[in-house]
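Residue strings, one per chain:
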Amino acid sequence: MNASQPEVWRPTVEQVDAANVTRLMRAHGIDRFHDLVRRSIADPAWFWDAVVQDLDLEFSTPYGQIVDLSRGPAWATWFIGGSTNVARQCVDRWAERTPTAPAVVWEGEDGEVRTATYRELRELTDAVARALVSLGVSSGDTVAIFLPMAIETVAAVMACSKVGAVWVPIFSGFGPDAVAARLTDAGCRVLITANGSLRKGAPVPMKAIADQAIEMTGGVEHVLVWERLPSYGELHAGRDHRWSDIVDPDGVPVDASPLDAEHPLFVAYTSGTTGRPKGAVHVHGGFLVKIAEEVAYQVDLHPGDILHWSTDLGWIMGPWEIVGALALGATVLLTEGAPTHPGPDRLWEQVARHGVTTLGVSPTLVRALIAAGSRPRRHDRGSLRVLASTGEPWNPDAYLWLHREVGDERLPIVNISGGTEVGACFLSPHPVVPTKLLSLGGPALGMDLDIVDAQGQPVPAGAVGELVCRQPWPSMTRGIWGDPERYLEAYWRRFPGVWVHGDWASRDSDGFWYLHGRSDDTLNIAGKRIGPAEVESVVGMHPSVAECAAVGIPDPVKGESVWVVVVPTPAIDGLDDLEAEIRALVREHLGGSFMPSRVVVAATLPKTRSAKIVRRAVRAAVTGEDPGDLSTLEDPSAIDAIRLAASRT
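This text gives an overview of the structure that appears in the document. Everything numeric in this text was worked out from a predicted model, so none of it was measured.

### Focus: the overall build of the protein
The number of helices and strands found in the protein is 20 helices and 34 strands. In summary, the protein has a C-alpha radius of gyration of 24 Å against a globular reference of 26 Å for 649 residues, a match within 12%. Principal-axis analysis of the C-alpha atoms places the extent of the protein at approximately 70 × 60 × 50 Å. When each of the 649 residues of the protein is scored for burial, the buried share is 64%. Residue pairs in contact within the protein that sit at least 24 positions apart in sequence constitute 70% of those at least 6 positions apart. Surface summary for the protein: the accessible area is close to 23,100 Å², and the carbon and sulfur share equals 51%. Placing the 58 positive and 81 negative side-chain charges of the protein at their respective mean positions leaves the two points 3 Å apart.

Here it is in structure tokens:
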């Protein structure tokens, strides 16, 4: 597939004039956005200081130096000598400035809706902070947060931040083994959880799962239990504490502790293909500044706007939307349950009901909505100003469906890419420049990116290579929790002094960048390399294919052959000719070398709760190899279904 794509959106004069990033440019006499990008990379000390000033981010003790590289780029530190606190920036100052403005809106799967103003969020945050202190939590302690998305979740995050505790977000859909692994690795003495939550119409026994995890790991001394459901789960005397008993709204305010900018904020776990999950360490100063910058300039969020990203606290986009929206004095909408339950239009109903201005989705979620017959045009989407996405590469049909059916061709799709360890984005369009179909725009502000070959040399326009970053950035992980060698080996040792992220990328002659999938997912067919997304985009053209995943399977002649697992659309009449038609389609568009040697029809694909397809799980289902950590899968039975389907002749 040719990386260069047609332009699909261009900002109006009014959109450019009202954008946050335009304000920044005018303050520094910069006329063209591309000049801002170049200067932000050439002079990062100037840029990040300019961000702090433009977004009015407070440092109670001013920093004397922007970045210290004395230990090398892998161990860069930022805002040297400065003190700040994420809870002060995201809650307290807005409770003082705009106390009645909505901070968090929550919608339960059962239809319950609650709103917390900034004043109310501060009061709840302080109450949780007092409860944590009463349980012996002090600065530097790790506190696990195993909660569904809710106002209480934001208060828990901010309460930990306020007292200097390090919060450990755990995906709300995990089973006990995955929860235990994170509790053990992070050394958590305190766990905040819910007695249960709702998903797809059924209660999720979160407290029971937490109990099993604690039995496996030990070490947890206190459990704070939010009573989300009327009655679900039992309390263990002496260890468990009801939220309603110890989170007391009546008490003295808790001041946010002034913390060194490098004080750990949270540990975000990310799964790998092998070994235990990696705990990426993020800090108060760097995460705050980078995320506020992204949400302000990439998705152009303003006070009064409402941001909703379909995600979980256990994925990096959960902290991204909470910290980003609240740092700017805007509103974040959080929802319980699945975006497709009780019907495929739930997401659009929420947009209309709450007046969402900025909506974030994943490509896989969009494909699932299309397959389910979702009809956004039935709902009022006039409040939307920006659409955003992340997770994995798009295919053209799904991208254009979002652009046309949801955005009415009037909204930008801010298609971003970064990662848990990045803490933010490497690549992003900005809503003051045109977008191209499938493109991620270019390097995010302040991000010194390149695309290189196997020897680390830059590749020409149009060529696919490895995405790398040549300079550190503020939200970069400060290492892997308790394992500095693993951090260096994972990101810095392949090309010394250069971060290697594990994505295949390319850029066209106009300077627009594209991703082609994870480099560890790359298909190598008789020495010819191709990303799975390119094969999947072609297979997805077939009208009977709802979703698909392309993987490389060992082949004695070619080294690897392409297998494609497809989920058919509900309306398909028969499957007899599907394999032959898909093979012909791939031959037509990509050539005979990449024609699938096998097409497997399955009912579903293994995905995370954030709707990412886990291709290594697909590959393992048909090869029998070790799939690595599968704790993030929403439905592990999908692997068995693929294994059974593949065994049929």
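So that's the structure; there's more coming.
### Side note on the pairing of strand 8 (residues 166-169)
Here strand 8 shows a buried face lined by V166 and V168 and a second buried face lined by W167 and P169. By the bridge criterion, 4 bridges tie strand 7 (residues 142-146) to strand 8 in an arrangement that is parallel. Its bridge partner being in strand 8, I145 is matched across the sheet by P169. In terms of handedness, the path from strand 7 via helix 7 (residues 151-163) over to strand 8 forms a crossover that is right-handed.

### Some details on unusual backbone geometry
Note the cis peptide between H341 and P342, where omega equals 10 degrees. Checked against the element boundaries, P342 lands in the loop between strand 18 (331-335) and helix 13 (346-354). In this model, D300 sits at a positive phi of 55 degrees, which is unusual for a non-glycine residue. Note on placement: D300 falls in the loop between helix 11 (284-297) and strand 17 (306-309). Accessibility expressed as a relative area gives 5% for D300, which makes it buried.

### A look at the sheet that holds strand 27 (residues 465-469)
Overall, antiparallel pairing links the 4 strands, which are arranged 26-27-28-29 in an open sheet. The strands lining the two open edges of the sheet, one partner per strand, are strand 26 (449-452) and strand 29 (513-518). Across this sheet, the average inter-strand angle for adjacent strands is 45 degrees, counted without regard to direction.

### Quick look at the environment of V433
Summarising the element assignment, V433 is placed in the loop between strand 23 (424-428) and strand 24 (435-436). Classification of V433 as buried rests on a relative accessible area of 14%. In this structure the C-alpha to C-alpha distance between V433 and Y118, which are 315 residues apart in sequence, comes to 33 Å. Excluding residues within four positions of it along the chain, V433 makes contact with W9, P11, F33 and H34.

### Regarding the pattern of salt bridges
Applying the stated criterion across every chain, the model contains 49 salt bridges. Here R228 ties to E336 by a salt bridge, and the two come within 2.7 Å at their closest N and O atoms. Remark: E336 occurs in the loop between strand 18 and helix 13 and R228 occurs in the loop between strand 12 (222-226) and strand 13 (240-242); sequence separation between them is 108 residues. Side by side, R228 and E336 carry an identical accessibility label, which is buried. Here D408 and R377 are joined by a salt bridge, their closest N and O atoms 3.2 Å apart. With a gap of 31 residues between them, D408 in the loop between helix 15 (396-406) and strand 21 (413-415) and R377 in the loop between helix 14 (363-371) and strand 20 (386-389) connect regions that are remote in the sequence.

### Topic: the side chain of S374
Looking at the secondary structure, you find S374 in the loop between helix 14 and strand 20. The class for S374 is buried, based on a relative accessible area of 7%. At 2.8 Å, the side chain of S374 and the backbone oxygen of P344 are in polar contact. Engagement of the side chain of S374 in a polar contact is seen with the side chain of W348, the distance being 2.6 Å. What S374 contacts, discounting residues up to four positions off in sequence, is P344, D345, W348, L369 and W401.

### A look at the packing of aromatic side chains
On inspection of all chains with the given rule, the structure shows 22 aromatic pairs. Where Y491 meets W499, the ring centres are 4.3 Å apart and the plane angle is 10 degrees; that geometry is what we call stacked. Relative accessible area serves as the criterion here: at 0%, W499 is assigned to the buried category. Among the aromatic residues, those joined into a ring-pair cluster are W75, F426, W473, Y487, Y491, W492 and W499. It is R97 that lies over the ring of W94; its NZ or CZ is 5.3 Å from the centre.

### Describing the environment of E294
Within the secondary structure, E294 sits in helix 11. Between the C-alpha atom of E294 and that of H430, which follows or precedes it by 136 residues, the distance is 9.5 Å. Contacts of E294, omitting those with residues within four sequence positions, involve V299, W320, A424 and C425. One polar contact links E294 to W320, side chain to side chain, over a distance of 2.8 Å.

### Some remarks on the nonpolar core
One broad rule of soluble globular proteins: the nonpolar side chains tend to lie buried together. The biggest cluster of nonpolar side chains holds 154 residues, and the ones touching the most others in it are F79, M158, L183, L326, F426 and W499. With 9 residues, the top contributor of residues to this core is helix 7. Here W499 is in contact with E421, V422, F426, L467, V468, C469, W473, M476, T477, Y487, Y491 and W492, once residues within four sequence places are set aside. Counting 28 residues, the second-largest nonpolar core is a separate cluster that includes L369, W394, I413 and L438.

### As for the sheet that holds strand 25 (residues 442-443)
Two orientations exist for strands paired in a sheet by backbone hydrogen bonds: parallel and antiparallel. Taken in spatial order, the 3 strands make up an open sheet running 22-23-25, and their pairing is antiparallel. With partners counted over all chains shown, the strands left at the sheet margins are strand 22 (417-419) and strand 25, one partner each. Inspection of the sheet shows strand 22 paired to strand 23 by 3 bridges, in the antiparallel sense. Opposite G419, over in strand 23, you have A424 as the bridge partner.

### A word on helix 3 (residues 33-42)
Residues three or four positions apart in an α-helix share a direction because the helix packs 3.6 residues into each turn. Among all positions in helix 3, only F33, L36, V37, S40 and I41 are buried. Down the axis of helix 3, the buried side of the element spans an arc of 125 degrees, and every buried residue falls inside it. Of the surrounding elements, those touching the buried residues of helix 3 are helix 2 (20-27), helix 4 (44-54) and strand 25.

### A closer look at helix 9 (residues 206-217)
An ideal rise of 1.5 Å per residue puts 16 Å on 12 residues; helix 9 measures up with 16 Å between its terminal C-alpha atoms. By the burial criterion, the buried members of helix 9 are M206, K207, I209, A210, D211, A213 and I214. Looking at the residues trailing helix 9, positive phi occurs at G218, about 70 degrees.

Analysis parameters
- Residues numbered from 1 in each chain as written.
- Predicted model: local features only at pLDDT ≥ 70, side-chain atom pairs only at ≥ 80, totals over all residues.
- Heavy atoms only, no water.
- Helix = DSSP H or I, 4+ residues; strand = E, 2+ residues; numbered from the N terminus.
- Rg over C-alpha atoms; globule rule 2.2 N^0.38 Å.
- Buried < 20%, exposed > 50% of the residue type's maximum accessible area, 1.4 Å probe, protein only.
- Contact = heavy atoms within 4.5 Å.
- Areas by Shrake-Rupley, 256 points an atom, 1.4 Å probe, with all protein chains shown as cover.
- Lys, Arg positive; Asp, Glu negative; His and termini not counted.
- Charge placed at Lys NZ, Arg CZ, Asp CG, Glu CD.
- Pairing = 2+ DSSP bridges.
- Right-handed = clockwise from strand over helix to strand, strands pointing away.
- Axes fitted to C-alpha atoms, helices over the stretch in contact; angles between N-to-C directions.
- Salt bridge = Lys/Arg side-chain N within 4 Å of Asp/Glu carboxyl O.
- Polar contact = N/O pair within 3.5 Å; in protein donor to acceptor, adjacent residues only side chain to side chain.
- Phe/Tyr/Trp six-rings, centres within 6.5 Å; stacked < 30°, edge-to-face > 60°.
- Lys NZ or Arg CZ within 6 Å of the ring centre and 35° of its normal.
- Core = buried A, V, L, I, M, F, W, Y, C linked by side-chain atoms within 4.5 Å.
- Arc of directions from axis to C-beta.
- Expected span 1.5 Å × (residues − 1).

That's the geometry; what it means functionally is another story.
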